[in-house]
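One-letter residues, chain by chain:
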Amino acid sequence: MKGLNMPDEPEPSDPLPKASPAIDVLNAIQWRVLWLATRMIDAANRRPNLDGIKVGGHRASSASMVTAMTALYLEHLDAQDRVAVKPHAAPVFHAISYLLGNLDRAYLTMLRQEGGLQAYPSRTKDPDNVDFSTGSVGLGVASTLFAAAVRRYVDAHFDPRPASRFIAFVGDAELDEGNIWEAIFDGATANLARTMWVVDFNRQSLDRVVPGVRIDQWLGQFESSGWHVIEVKYGARLEECFARPGGEHLRRWLDTMPNEHYQSLFAMTGTDLRDRFLDGAPSDVVEFVAEITDDREFEDLVKDLGGHSLEAMLAAYRECDAEAHRPSVVFAYTIKGWGLPTAGNPRNHSLLFTDEQIGSLRSNVGLTADSEWDRFDAATPAGIWCNHRRDELRREPRDPRLSIAVPQETGSRSSRPIPTQEAFGRVLTDLSKNADIARFLVTTAPDVATSTNLAGIINRPGVFEPQERRSWSEDPLLRWEQGPTGQHIELGISEMNLFLLLGQLGMSWDHSGQPLIPIGTVYDPFVCRGLDALIYATYSGARFIVAGTPSGVSLAPEGGAHQSSITASIGLELPGITAIEPAFVSALDWLMCDAVRRIADGPAADEGAYYFRLTTRPIDQAPFDRAKARLGSAVLRRQVLSGAYLLHDASPAVEGDPAHAEPQVLLVASGAVMPEVLAASAELAEEGILASVVDVTSGDRLYAAWQRTIRQGIRTATTPSFPGALRSVFPTRIPIVTVHDAASHNMAWMGSALGVPCIPLGVDSFGHSGTIGDLYAAHDLDTGSIVNAAIAALSVWTDRS
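It should be emphasised that the depicted structure is a prediction, and the values quoted were computed from it without experimental measurement.

*Asks:* What is the right way to look at the sheet that holds strand E1 (residues 82–84) in this model?
*Replies:* Remark on secondary structure: sheet strands pair via backbone hydrogen bonds, oriented parallel or antiparallel. Strand order in the open sheet formed by 5 strands is E1-E2-E3-E5-E4, and the pairing between neighbours is parallel. Where the open sheet ends on each side, the last strands, each with one partner, are E1 and strand E4 (228–232). On average, adjacent strands in this sheet sit at an angle of 15° to one another, irrespective of strand direction. As judged from the 5 bridges shared by E4 and strand E5 (residues 328–333), these two strands associate in the parallel manner. Bridge pairing in E5 places Val 232 opposite Ala 332. Docked against the sheet, helix H3 (residues 66–76) engages E1, strand E2 (166–171) and strand E3 (195–201), running at close to 170° with respect to E2. The strands that helix H14 (residues 310–322) touches are E2, E3, E4 and E5; relative to E4, the one it contacts most, it runs at about 175°.

Structure, rendered in structure tokens:
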């Protein structure tokens, strides 16, 4: 390639020593990695274009990572280490996986194709061993910190695991993401050992060469947070040049040259390059450069960055190991598009290659059209080393299950009206008294632990800190004891960090060889603030419980900014998490124990994470007790877990008897609105309308059951069946009114599922401060509005009939 010296592939020789490969062997491997990553992107973009849009693949962003990733995977990494690969370097990761024998050749031509390799590294979708999903920039990076924090927790509570390094390859533009700094600044991630980030400092973003690079600011922020910082700026040729008499002038010129000026050099050669390089240079630099008369030597020198020096990168990794008691960050200066004809081009992020360019690169790495997808010959030094590294990095499968017995219920009860938030704290405290379960429970919250009713469980094992800390609190109700045996991890006010930590706690079985039962709490309005990290955690397959509480406009005095309406819809629509919203203590008890059991059972259980939407509004428990007496505990529990049950049965005494032909309507409700719904049922009865009440404990489960039957019908070209979860609760077709302290559309789908008129009531505008009665009236959730909606639904039903 122009401007770069690429040696021929080494000839076969005796097997390499097992301690370390020769640099020329690693060099041969990195050029094969560059070729495979480039060619798989090229192949993806040459497939028949059925959609009329470019496939893409981030060729230039991948190329800048080749040296750093080759040095890590082919030399420095251990089997116990876990790595987050920056999203745009997915092709490099897959190329390395292929050369190590961990990926079938067929996948190389299936990048960004259904059933093939994902656009970005994915734990759940890619066929090779991806440790961290990294599609959403910044989140995979920060997750390595929380994975290391989880390892610190696991080592303190269980037998210490084999030492692991938690490593992230970071695009420099990712440092613009605020969630990265939230993670670094949180006390829960302070002083983490054996954590290393490698920043691909190519100083280009998607749209441009970045002006005014903020390297000094970033270095200062890392250093002030206690990180060990390394800059791998220049390669061996430049460092040797700096050591010559007058070389300090060249270093100063390069250090102070604007990034746009430096990046403009990459596409130049010969006298054009020399003239552009010296544009504005002081005389002592001009004099020094005049001694380098060979244009090729000068070109190689100018582009000699440390991020493309295998020796420099390996030395940086070893230095980080020497500082393993604290986290390290390596700023590796690189060229975006390194080794490619588009190196440094401001538009190289999306440029595709011509046949001639691909052919030239193929020839330069010593391959032909027949051999372009081959691994190294097993008899060559590179082939021998790849096979050796495959064996060194081989991992034993880990079991995600916990062999514990989880009870169906804790038996938590209340004779007085009680909010589900308080009931949640009681159930969790009771679970923590179960010796089989207790040691695996770990709770966390972003500075809202006590206000979300975690005090009971915090008082038992305490708050986790790596070192014992003296408690100065004299509060008799909350003993904030801090030390290595604590099982609550307190975070600062960052919902993003909450979900990143819950995600890593929920994958501790893989990253740390220890399954846990993670439970977090957050104010429900601020689930949206951490939504990106919640999506990331569920996409990655993490298993945990989160309680969003308090919720809805039922948090009446707090005003619109602290009232949630769309969070219930997030729970319903987000894959990988089951939304649950019980109104009564016993239902919450059953659902919590069931969620804990499913997490303990591992991925074999058919659900992932769990989102309990709870409230601070006290609810009378008597209606639930009456339902239990009518249905029996076994039947009621089964229906509660399925997603709904008949709380109040107002059906006629004799079905079909004209003498008992009162109009019927169903009031279908979830959560805190139950008192108004029951009152509306009673008022309708006084008007001669039979209004039964259905308590929806999980609209998510009901919706999923309905969708499964619809999809089965579509895929088999048959009439969809009516799911059992709905059939047992909605045996007759009568009009319905749905009532929810959330967006009204959240349960509006039930009309379609049941084939009846549906009037959905909910919160569809911002709330304000007031009493619950005031706000329920403002949003048509009061008893009178529910009665009117029921009459309207009956009118529509009568007109249709």
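Let's pick the thread back up.
*Asks:* How do you make sense of the sheet that holds strand E17 (residues 736–740) when you look at a structure like this?
*Replies:* Pairing is mixed across the open sheet formed by 5 strands, whose spatial order is E14-E16-E15-E17-E18. Edge positions in the sheet fall to strand E14 (644–648) and strand E18 (758–761), since each has one partner strand and no second. Going from strand to strand, the sheet's axes swing by 25° on average, the running direction of each strand aside. In this sheet, strand E16 (residues 690–696) lies alongside strand E15 (residues 664–670) in parallel orientation, the contact comprising 6 bridges.

*Asks:* Quick question: what am I supposed to make of the side chain of Arg 389 here?
*Replies:* Take Arg 389: it is sitting in helix H16 (residues 381–392). A relative accessible area of 2% means that Arg 389 is categorised as buried. Within the structure, the side chain of Arg 389 is placed 2.9 Å from the backbone oxygen of Tyr 73, a separation counted as a polar contact. Ignoring sequence-local partners within four residues, the contact set of Arg 389 consists of Leu 72, Tyr 73, Leu 74, Glu 75, His 76, Leu 77 and Leu 100.

*Asks:* What should I look at first to understand the pairing of E16 in this one?
*Replies:* A regular strand carries its side chains on alternate faces of the sheet. Of all the 7 residues making up E16, 7 are buried; the element is thus mostly covered by neighbouring parts of the structure. The pairing of E14 with E16 spans 4 bridges and is classified as antiparallel. Bridging from a neighbouring strand, Ala 644 pairs with Val 696 of E16. Read as a crossover between parallel neighbours, the route from E15 over helix H27 (residues 674–686) to E16 is right-handed.

*Asks:* Could you clarify how one ought to interpret unusual backbone geometry in this entry?
*Replies:* With glycine set apart, most residues show a phi of negative sign, and most peptide bonds adopt trans. The omega angle of the peptide bond from Thr 549 to Pro 550 is -5°, so this bond is cis rather than trans. With respect to the helices, strands and loops of the structure, Pro 550 is situated in the loop between strand E11 (545–548) and helix H23 (567–573). Its identity is not glycine, yet Asn 191 carries a phi of approximately 60°, on the positive side. Tracing the chain through its elements places Asn 191 in the loop between helix H6 (178–185) and E3. Residue Arg 194 is not a glycine yet carries a positive backbone phi of 55°. Residue position: Arg 194 is located in the loop between H6 and E3. Residue Arg 194 is classed as partly exposed on the basis of its relative accessible area of 26%.

What counts and how
- Residues numbered from 1 in each chain as written.
- Predicted model: local features only at pLDDT ≥ 70, side-chain atom pairs only at ≥ 80, totals over all residues.
- Heavy atoms only, no water.
- Pairing = 2+ DSSP bridges.
- Helix = DSSP H or I, 4+ residues; strand = E, 2+ residues; numbered from the N terminus.
- Axes fitted to C-alpha atoms, helices over the stretch in contact; angles between N-to-C directions.
- Contact = heavy atoms within 4.5 Å.
- Buried < 20%, exposed > 50% of the residue type's maximum accessible area, 1.4 Å probe, protein only.
- Polar contact = N/O pair within 3.5 Å; in protein donor to acceptor, adjacent residues only side chain to side chain.
- Right-handed = clockwise from strand over helix to strand, strands pointing away.

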